Every structure is written in structure tokens, then in C-alpha cells.
Amino acid sequence: MSKNQFVPQIPYGTRDLLLREAKQKRIVEGSLAELFSRWGYDEVVTPTFEYIETLTVGTGSDMHQHVFKFFDNNNRILVLKPDMTTPIARVAATRLKDGPLPLRLFYLTNVFRHEQAQAGRQCEFYQAGVELLGAPGPAADAEVVALAVETMLESGLANFQVSLGQVDFINGLMAESGLTPQCQQQIKCAMVSRDLVGLGEILATSGLTRGAQALLQQIPLLHGQEEMLNKACRLVNNDLSRRALDNLADIRRLLAGYGVDRYVNFDLGIIRDFDYYTGMVLEGYTPGLGFPLCGGGRYDKMLASFGVDNPATGFALGIERVLLAMERQGISVSVPAPEVYIAWAEGRLSPAIEAAQQCRKDGRRTKLALAPAARDKAELLASASGYEELIYIE
Ligand SMILES: N[C@@H](Cc1c[nH]c[nH+]1)C(=O)O
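What you see is a predicted model, and the numbers here were worked out from it, not measured in a lab.

## Notes on the overall build of the chain
When helices and strands are counted, the chain shows 14 helices and 15 strands. Principal-axis analysis of the C-alpha atoms places the extent of the chain at approximately 90 × 55 × 45 Å. Within the chain, the proportion of its 394 residues that are buried is 49%. A sequence separation of at least 24 residues applies to 71% of the contacts in the chain between residues at least 6 apart. Between the centroid of the 39 positive side chains of the chain and the centroid of its 46 negative side chains there is a distance of 2 Å.

## Details of the pattern of salt bridges
The tally for this structure, following the rule as stated, stands at 15 salt bridges. With a shortest N-O distance of 2.5 Å, aspartate 250 and arginine 253 are connected by a salt bridge. Of the two residues, aspartate 250 and arginine 253 are both situated in helix H10 (residues 239-258); the distance of 3 residues between them amounts to about one turn of the helix. Residue aspartate 250 is classed as partly exposed on the basis of its relative accessible area, which comes to 30%. According to the relative accessible area criterion, arginine 253 is exposed, its value standing at 53%.

## Side note on the site of the ligand
Around the ligand lies a shell of 17 residues, among which Asp83, Thr85, Arg113, Glu131 and Tyr277 are the nearest. Between the ligand and aspartate 83, the relevant distance is 2.7 Å, taken from a nitrogen atom to a side-chain nitrogen or oxygen of the residue. Take arginine 272: an N or O atom from its side chain is 2.9 Å from an oxygen atom of the ligand. Surface burial for the ligand is 98%, taken as the share of its 300 Å² of free accessible area covered by protein chains. Within the residue set of the shell around the ligand, elements represented by two or more residues are strand S6 (124-133), strand S11 (294-298) and strand S12 (312-318). In terms of residue class, the shell around the ligand is built from 7 nonpolar, 6 polar and 4 charged.

## Digging into the sheet that holds strand S13 (residues 340-344)
The strand order across the open sheet formed by 3 strands is S14-S13-S15, and the pairing between neighbours is parallel. Strand pairing shows two members of the sheet lacking a second neighbour, strand S14 (366-368) and strand S15 (389-393), which therefore form its edges. Taking each pair of neighbouring strands and ignoring which way they run, the sheet shows an average axis angle of 20°. Examined bridge by bridge, S13 and S15 share 5 bridges and lie parallel to one another.

## Observations regarding the environment of glycine 314
Note that glycine 314 resides in strand S12. A relative accessible area of 3% places glycine 314 in the buried class. Sequence-wise, glycine 314 and glycine 134 are 180 residues apart; in three dimensions their C-alpha atoms are separated by 11 Å. The contact partners of glycine 314, leaving out residues within four places of it in the chain, are Val130, Glu131, Val144, Gly296, Gly297 and Tyr299.

## So, the environment of serine 163
Positionally, serine 163 belongs in strand S7 (residues 161-166). Along the chain, serine 163 and leucine 153 lie 10 residues apart, while their C-alpha atoms are 16 Å from each other. Once residues lying within four places of it in the same chain are set aside, the contact partners of serine 163 are Asn265, Asp267, Ile270, Val281, Leu282 and Glu283. Looking at serine 163, its side chain comes within polar contact range of the side chain of asparagine 265, at 2.8 Å.

## Looking at the UniProt feature "binding site: L-histidine" (unreviewed entry) in the chain
Following the UniProt record, one finds the feature "binding site: L-histidine" (unreviewed entry) at Asp83, Met84, Thr85, Arg113, Gln127, Glu131, Arg272, Tyr276 and Tyr277. Checked against the element boundaries, threonine 85 lands in helix H3 (residues 85-93). Those residues within four positions of threonine 85 in sequence are excluded, and the remaining contacts are Tyr107, Glu131, Tyr276, Tyr299 and Met302. Structurally, glutamate 131 is set in strand S6. Using a relative accessible area of 1% as the deciding quantity, one classes glutamate 131 as buried.

## Quick look at unusual backbone geometry
Of the consecutive residues leucine 101 and proline 102, the connecting peptide bond is found in the cis state with omega at -5°. Counting through the fold element by element, proline 102 comes out in the loop between H3 and strand S5 (103-112). Even without being a glycine, leucine 19 presents a positive backbone phi close to 40°. Here leucine 19 is to be found in helix H1 (residues 19-38). Owing to a relative accessible area of 72%, leucine 19 belongs among the exposed residues under this scheme. A positive phi is found at asparagine 75, a non-glycine position, where the angle reads about 65°. Relative to the assigned elements, asparagine 75 resides in the loop between strand S3 (69-71) and strand S4 (77-80).

The rules we used
Residues numbered from 1 in each chain as written. Predicted model: local features only at pLDDT ≥ 70, side-chain atom pairs only at ≥ 80, totals over all residues. Heavy atoms only, no water. Helix = DSSP H or I, 4+ residues; strand = E, 2+ residues; numbered from the N terminus. Buried < 20%, exposed > 50% of the residue type's maximum accessible area, 1.4 Å probe, protein only. Contact = heavy atoms within 4.5 Å. Lys, Arg positive; Asp, Glu negative; His and termini not counted. Charge placed at Lys NZ, Arg CZ, Asp CG, Glu CD. Salt bridge = Lys/Arg side-chain N within 4 Å of Asp/Glu carboxyl O. Near = heavy atom within 4 Å. Polar contact = N/O pair within 3.5 Å; in protein donor to acceptor, adjacent residues only side chain to side chain. Areas by Shrake-Rupley, 256 points an atom, 1.4 Å probe, with all protein chains shown as cover. Nonpolar A, V, L, I, M, F, W, Y, C, P; charged D, E, K, R; others polar. Pairing = 2+ DSSP bridges. Axes fitted to C-alpha atoms, helices over the stretch in contact; angles between N-to-C directions. UniProt positions renumbered as here; feature names shortened; annotations may be inferred.

Listed below in C-alpha cells is the structure:
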């Protein structure tokens, strides 16, 4: 073997989805596409890459470090899309701006973010999601939360929870504290990564009173059912946070009508890694997976950045994360078995082709042997590969 033999590799954070995995992905995506259309959502497909100015609208400065960048022939910077919310906001504010509102759009796509790769968390990954544009208020948020729950049920998961937070709850507390924007940002970063020790250290040097520190330190621990919202309401002293809690209670009331409220709880410590959220935020979790299966929320300012001032809300689900959770929980996606294997004796290829074409016309999954084989060998091969039927042409 030559010393410099070429070993083909794939880039960091990418994966080949082979055979069964690719089939499972397609089955899950197919059933989600049907679910979304049953809820009145229409599919959109946008370019894989766009100009950096477009795709980083509202995502926060941190996102610049996480996008894959390259240049076009005119030296303009392009990026691979890190999510679909921004491209959909662009489409809604441009080509779809004169259509009736609200707009209900869905997507199934790969997205790209530079991350520390691990199982269920690659740099290229697949999302199924919806965006509901042009509708303010809890009715739209409740629809999105209910659909997030249905999405996970449709994928085959049973053991999961969708947690709801509200960015204005934390914003109100930050404003109440009088901390500098820089210190507020540090606190939010510690909360995004659920780093309670780091949060404690930042608060200890923040100059806040002990009472104010204790209040902010408690935020990540504020999760539970509706009683927790009442408890949180007693802790805060500002209208923004109180209105945020009322908003969550309104959404929760509507969710009861969808029959999904047992899958929903509250977590006031949720801070998403995109800066564009302006209201309710959601994250879906399942045991055994240390990161959310789905995430989303309300983003009422993003469309204004594209020139059309409309509210919006939505969520996206990580397809590989769902498949990984199902595998870990022993839930199988039933992949259709191969149906017919057509083998043939020496000189009988033409009638075998005819037989194969007939089976395919009849809608049966059919594989045709490409070389002659003895019947006993063909029988062995067909049963080892799990075919339902062998047709042997002699
Ligand atoms: N784009 C977000 C999810 C989302 C959809 N709509 C609103 N938020 C993400 O990838 O996490």
C-alpha cells in the first residue's frame, strides 16, 4: 500500500446518514410534513446559503462565531443558513408581504452551525419547523406550543415535556436590578448554559444587594406547573415580569383546549441562544438527552428588520435528536421491509426484467438480480435479506 494513500474524510461535525438511518429520517419527515399540512401550514424551501447581512438579522452577535462563511465571486460574504426563522422572515417581508395574514409556513431542511460536535449535535443538522407570521397574542403562541407537542407525538415519542418561559420575565428583573448591560449579558450567558456556579460568581461581584442577588440566582430554579407562576409573581416587583407571567398563564389556559397541557410545564430560566425572541419561549426535553429536542418562541421584531412590522412565533425540532431519543428509549420507527427479490437462471434476464417491472407497477418494492443464480442460492439470499417473496424465473 502506498505511503501517501488518500484517506477520504468528511468535515468536522458532519455525518453520513446511511440506509436505515436515512430511511427513518425520511419516514419521520414525511409524517411531520403531513401533520403540518393538516394544521394548515404550507411548505417553503429557501436557499442553502444567503448573504451574511440577511442571515444574521436579529440572531445576536454571538451567532457570527457560529456560522460557516465563504465568499462569492464578487467577494460578498455568504453564510450557510444557521436556522430557518430568518430566511422565512425575509420571505414573509418580501415576496409574501402582500398575501393575507396570518401566514402559516413549515420547513424540513438542513441547517449549519459551528458547534462542539457530539451525538445528536452536529454542525450540519436537520430541522422540521413552523413559523406563524402576522398573529400577535396567546392564541398564536398556544397553537405553536400545541403543534410542538403534536410533532413529538407524531414522531413516536411519548415521554417528553415542553417547557415554556418568557423573555420579558427575565428582562423585567434585569431592568429592576439596574445592572449594566454588560453585566446583564454575562448573567444571561451563564443562564443559557445553566451554569449556576458561574451565575453565583457574577452576581457576587455585581454590587447588587443580597436580596436582589438571591432573586436572580433563583431564576433557573423557577420551573413547575401553574402554582410556580403564582410564586414567581410574588417575587417580582415590576410590571414587565408580571405581564410576562400573565401571558404564560393565558397560553396555558388555551392549551387545555388542545388536550396537550399534560405535556407542558413552565421554566422561567429558559434563555434561547438566538437574540430575536421577544415573548414566550419554548424548549422540549426528553429523559436521557441533555439538550432540547425542539425550541422556539415569539419574535415580534424580526420582520421589522426586513421592513414589514409584523409579529411572529414558531418552533423547530431537531430530526436527529428525535431519532436519537427514540433509539435510546427503545422506540423503533417501522421501516418497510423489502418485498420481492427476482432471481433468474442463465439466459432468463429478459423475462426477469418484465416480471420486475410488473411488480413495481403493482406498487411492490422489488429488487432484480443482475447476474444468474441457482435457485437454492437465490432462496438463501432472499431469506437472509428479509424479502417477503422470491420470484425465480427459469
Ligand atoms: N430557529 C429556531 C427555532 C425557532 C423557530 N421559530 C422560532 N424559533 C432554532 O433553530 O432554534
